[in-house]
2 protein chains.
Amino acid sequence: MTGRVFVSRLPLRLSGRVYRKVCAQTGARSFSRAVTGVTGGSGLTGDVDRFGGVTVDLARVGLPGDISEDAFGRILQGSLARWKSEGKQAVWLRVPISLTRCAAAASAHGFAFHHAKDDHAVLALWLGGGPSRLPAFATHQVGVAGAVVDESAGKVLVVQDKNKTKNAWKFPGGLSDPGENIGATAVREVFEETGVRSEFRSLLSIRQQHRHPNAFGMSDLYAICRLSPLTYRIDFCTQECLRCEWLGVGELAETSSATPVTSRVARLLLFGLERGFDKIDLAMEELPAVYSGVLYQLYHRPLPTQS
Amino acid sequence: MTGRVFVSRLPLRLSGRVYRKVCAQTGARSFSRAVTGVTGGSGLTGDVDRFGGVTVDLARVGLPGDISEDAFGRILQGSLARWKSEGKQAVWLRVPISLTRCAAAASAHGFAFHHAKDDHAVLALWLGGGPSRLPAFATHQVGVAGAVVDESAGKVLVVQDKNKTKNAWKFPGGLSDPGENIGATAVREVFEETGVRSEFRSLLSIRQQHRHPNAFGMSDLYAICRLSPLTYRIDFCTQECLRCEWLGVGELAETSSATPVTSRVARLLLFGLERGFDKIDLAMEELPAVYSGVLYQLYHRPLPTQS
């Protein structure tokens, strides 16, 4: 209850974390900027960011394509000594797949994989005090299910997966493709699994689950959307689904042959059918990002004054 | 309106997608199972999954630690010819960082990085028809902000970041650590930035943004939580924040010195203060996962019959 109290504290404990957070806002950009480093008597040089990190793109520093692990290790060792003497906080190495032998040499000097994608890997070494405070790479996969509700009939589209030990009803869905919006995933997956065309109406629920065996051990965020049907004829994917039906929402809420999340969402939908979907919906709106102007999608409860 | 119509269709178009989806459910497990492959006259062998994929862990197949890129390339070439003749759909190579030179050799045969983390990289090659349908690695980072509402004073805790061109109010927050729940991130970040202790009450909003420069070009999911204060004295991080205040919720909703999402959530909070937070909240509940029994966290609108 202290109101507008300004008390600063020593930031030392948090300095690494600040690097982590702010570095996450610049790391990717560093890679896309011109790297000015060259190899030579002075070793590797790269882009230096304002948080004391240096980024070296091995595709752009003029290394011989057939450089040996030993030769690269010697260059890196000299460069590391210099970066340490200069007080650098971290080193990022962007390694093209053709030069991956350099990653092995870097690992002998403490580097580890930060991430890799397609034709390159990124390794990092934390030089600051204490445990590494470098920003993590993407941690979550995003899956989406679509609950297509036929309001006039009080029914919802459900499937049963093939090859499961227990035949339980669930909503059709699957993983988002990279760059795909939640609503678009729901509409696409519903069509691919069931043949039914639909349109996005709202976000109903989010589930978070960690150390997910289906996500290479990473975390999983699962969104369930409410969709409206544009077509009604079922033409389901027989490789993926055992059954597909328009089932009464009340029946789905009651049956024991449904996954727990499906039962819960069925109860939500029943409440929505009886009292209005505005009771259960999160509306989506596109807003511009504050600095880039790029549109993002924002979900929250509808505001009474919202147009 | 066709009701319970069952029409199967040819699954050929979707067979790759089914591999993608189902493979996502097994890929990680494959890596943790014993790999039985050995190198020899017959080349590499690995675990075969039921979707026609084979996983080879190069740390466990008895390769000489100093195997050359050329020598590994020859072994891989022979193995690939065999896998293709056997109709395999995909090959996964788990490469320890000490053997990353093998990744370069694999790339000459069409392999690309799927992901990498710490001490190993995973490469993949799609052998099925058409474009690769292999499941993607994690695509999203998750950031969380906490709106700590002092209901009795009608105020909310806001900060202004240092080093921004425009001084705009926002809620304290930051990236989730791997394995950290959304609510825990909000509470932790609020304390680290402001010194205020709080507890999780609800999820208010989710934002999705793609090709995010602050996420190594991946996607960003940003969750805004409602928190209740346990302490009120501000002791903010001067490295990260320029200012930190308990600001009137109405004032925050009106000011032009706030990010668009902050203004929008302030309007939500004002509505909640006036009409009850049950109008804007998504409640959280822990439920057991259907097969593993592990608890996950589920967010949705409260149900009237929910205990």
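Keep in mind the model is a prediction, meaning the values are calculated, not measured.

(A) Representation of the overall build of chain A. Assigned secondary structure in chain A consists of 7 helices and 15 strands. The long-range share in chain A, meaning contacts at least 24 apart out of those at least 6 apart in sequence, stands at 62%. Split by element, the accessible area of chain A, about 11,900 Å² in all, is 51% carbon and sulfur.

(B) Layout of the relation of the copies chain A and chain B. Overlaying chain A on chain B yields an RMSD of 0.1 Å, the required transformation being a rotation through 180° with an accompanying axial translation of 0.0 Å. Here the transformation between the copies is reduced to the relation of a two-fold axis. It is R101 of chain A whose C-alpha, among those of chain A, lies nearest the rotation axis, at 2.0 Å. A share of 100% of the interface residues of chain A reappears at the interface of chain B, consistent with the copies meeting face to face through the same patch.

(C) Focus on the interface of chain A and chain B. Across the boundary between the two partners, chain A contributes 130 residues, which contact 130 residues of chain B. Buried area between chain A and chain B, summed over both chains or domains, comes out near 11,600 Å², and the portion from carbon and sulfur atoms is 58%. Inspection of the region where chain A meets chain B yields 4 salt bridges. Summed over the shared surface of chain A and chain B, the result is 30 residue pairs in polar contact (both at pLDDT 80 or more). No other element matches helix α5 (residues 182–194) of chain A, which puts 7 residues into the side of chain A that touches chain B. Partitioned by chemical class, the residues of the side of chain A that touches chain B number 59 nonpolar, 37 polar and 34 charged. Direction of pairing for strand β15 (residues 295–300) of chain A relative to strand β11 (residues 198–209) of chain B: antiparallel, over a ladder of 4 bridges. When the sheet's bridge partners are listed, Y299 of chain A is paired in β11 of chain B with I206 of chain B.

(D) Quick look at the sheet that holds strand β2 (residues 47–48) of chain B. Residue and element names in this part refer to chain B. Strand order in this open sheet of 5 strands is β2-β3-β4-β6-β5, and the pairing throughout is mixed. Looking at the sheet topology across the chains shown, the edges are occupied by β2 and β5 (112–117). Two strands pair when backbone bridges link them, and strand β3 (residues 53–57) and strand β4 (residues 90–96) are joined in this way by 5 bridges, in the parallel orientation. Note on β4: the bridge partner recorded for V56 is L93.

(E) Seen up close, the pattern of salt bridges. For the structure shown, the criterion picks out 25 salt bridges over all chains. The partner of R82 of chain A in a salt bridge is E86 of chain A, with the nearest N and O atoms 4.0 Å apart. The exposure class of E86 of chain A is partly exposed, given its relative accessible area of 42%. Residues R264 of chain A and E285 of chain B are paired through a salt bridge, measuring 2.5 Å at the closest nitrogen-oxygen approach. In this pair, R264 of chain A is assigned in helix α7 (residues 260–275) and E285 of chain B in strand β15 (residues 283–288), connecting two distinct chains. When its relative accessible area of 10% is taken as the criterion, R264 of chain A is described as buried. On the basis of relative accessibility, which here comes to 25%, the residue E285 of chain B falls in the partly exposed class. One network of salt bridges, with partners in common, ties together D177, E180, R188, E189 and E192 of chain A.

(F) Structural view of the sheet that holds strand β3 (residues 53–57) of chain A. Residues and elements named next belong to chain A. The 5 strands lie next to each other as β2-β3-β4-β6-β5, forming an open sheet whose pairing is mixed. Looking at strand neighbours, the two that pair on one side only are β2 (47–48) and β5 (112–117), the edges of this open sheet. Where β2 lies against β3, 2 bridges are found, and the strand directions are antiparallel. Of the residues in β3, the one forming a bridge with D47 is T55. Relative to the sheet, helix α3 (residues 69–85) contacts β3, β4 (90–96) and β6 (120–126), its axis offset from that of β4 by approximately 155°.

(G) Region of interest: α3 of chain A. Residue and element names in this part refer to chain A. Given a rise of 1.5 Å per residue, 17 residues ought to cover 24 Å, and the 24 Å separating the end C-alpha atoms of α3 matches this to within 8%. Taken as a whole, α3 has its buried residues at F72, G73, L76, S79, L80 and W83. Angular distribution of buried residues about the axis of α3 spans 135°; they occupy a single face of the element. Across from the buried face of α3, at angles greater than 90 degrees, the exposed residues are D70, R74 and S85. The inward-facing, buried residues of α3 abut β3, β4, α4 (101–107) and β6. A positive phi of about 80° marks G87, the residue just after α3.

(H) Structural context of unusual backbone geometry. Residues and elements named next belong to chain A. Its identity is not glycine, yet R211 carries a phi of approximately 45°, on the positive side. Examined against the element boundaries, R211 turns out to sit in the loop between β10 (198–209) and β11 (219–229). With relative accessibility at 63%, the residue R211 sits in the exposed group.

(I) Quick peek at the environment of A184 of chain A. For A184 of chain A, the position within the fold is in helix α5. On a C-alpha basis, the gap between A184 of chain A and E199 of chain A in space is 8.7 Å, while along the polypeptide they are 15 residues apart.

(J) The confidence of the model for chain A, seen in detail. Residue and element names in this part refer to chain A. Overall, the prediction assigns chain A a mean pLDDT of 85, with 85% of residues at 70 or greater. Here strand β1 (residues 8–9) is the element of chain A with the lowest mean pLDDT, 31, and helix α6 (residues 249–254) is the one with the highest, 98. Every residue in residues 1–19 is under pLDDT 50, and counting partners more than four places away or in other chains gives 65 contacts. With pLDDT under 50 throughout, residues 22–40 is counted as low confidence; its partners more than four residues away or in other chains account for 56 contacts.

(K) Structural detail: the nonpolar core. Counting residues in hydrophobic clusters, the biggest one holds 52 residues, and the most contacted among them are L58 and L93 of chain A together with L58 and L93 of chain B. Apart from the residues within four sequence positions on either side, L93 of chain B is in contact with V56, L58, F72, L76, A106, F111, A121, V122 and L123 of chain B.

(L) The arrangement of the side chain of H210 of chain A in detail. Among the secondary structure elements, H210 of chain A is positioned in the loop between β10 and β11. Overall, the relative accessible area of 12% leaves H210 of chain A in the buried class. Engagement of the side chain of H210 of chain A in a polar contact is seen with the side chain of N181 of chain B, the distance being 2.8 Å. What H210 of chain A contacts, discounting residues up to four positions off in sequence, is H140, M218 and S219 of chain A together with G179, E180 and N181 of chain B.

Here is what the cut-offs are and how they apply
- Residues numbered from 1 in each chain as written.
- Chains lettered and ligands numbered in written order.
- Predicted model: local features only at pLDDT ≥ 70, side-chain atom pairs only at ≥ 80, totals over all residues.
- Heavy atoms only, no water.
- Helix = DSSP H or I, 4+ residues; strand = E, 2+ residues; numbered from the N terminus.
- Contact = heavy atoms within 4.5 Å.
- Areas by Shrake-Rupley, 256 points an atom, 1.4 Å probe, with all protein chains shown as cover.
- Least-squares fit on C-alpha atoms with pLDDT ≥ 70 in both.
- Buried area = accessible area lost by both parts, 1.4 Å probe.
- Salt bridge = Lys/Arg side-chain N within 4 Å of Asp/Glu carboxyl O.
- Polar contact = N/O pair within 3.5 Å; in protein donor to acceptor, adjacent residues only side chain to side chain.
- Nonpolar A, V, L, I, M, F, W, Y, C, P; charged D, E, K, R; others polar.
- Pairing = 2+ DSSP bridges.
- Buried < 20%, exposed > 50% of the residue type's maximum accessible area, 1.4 Å probe, protein only.
- Axes fitted to C-alpha atoms, helices over the stretch in contact; angles between N-to-C directions.
- Expected span 1.5 Å × (residues − 1).
- Arc of directions from axis to C-beta.
- pLDDT = per-residue confidence, 0-100.
- Core = buried A, V, L, I, M, F, W, Y, C linked by side-chain atoms within 4.5 Å.

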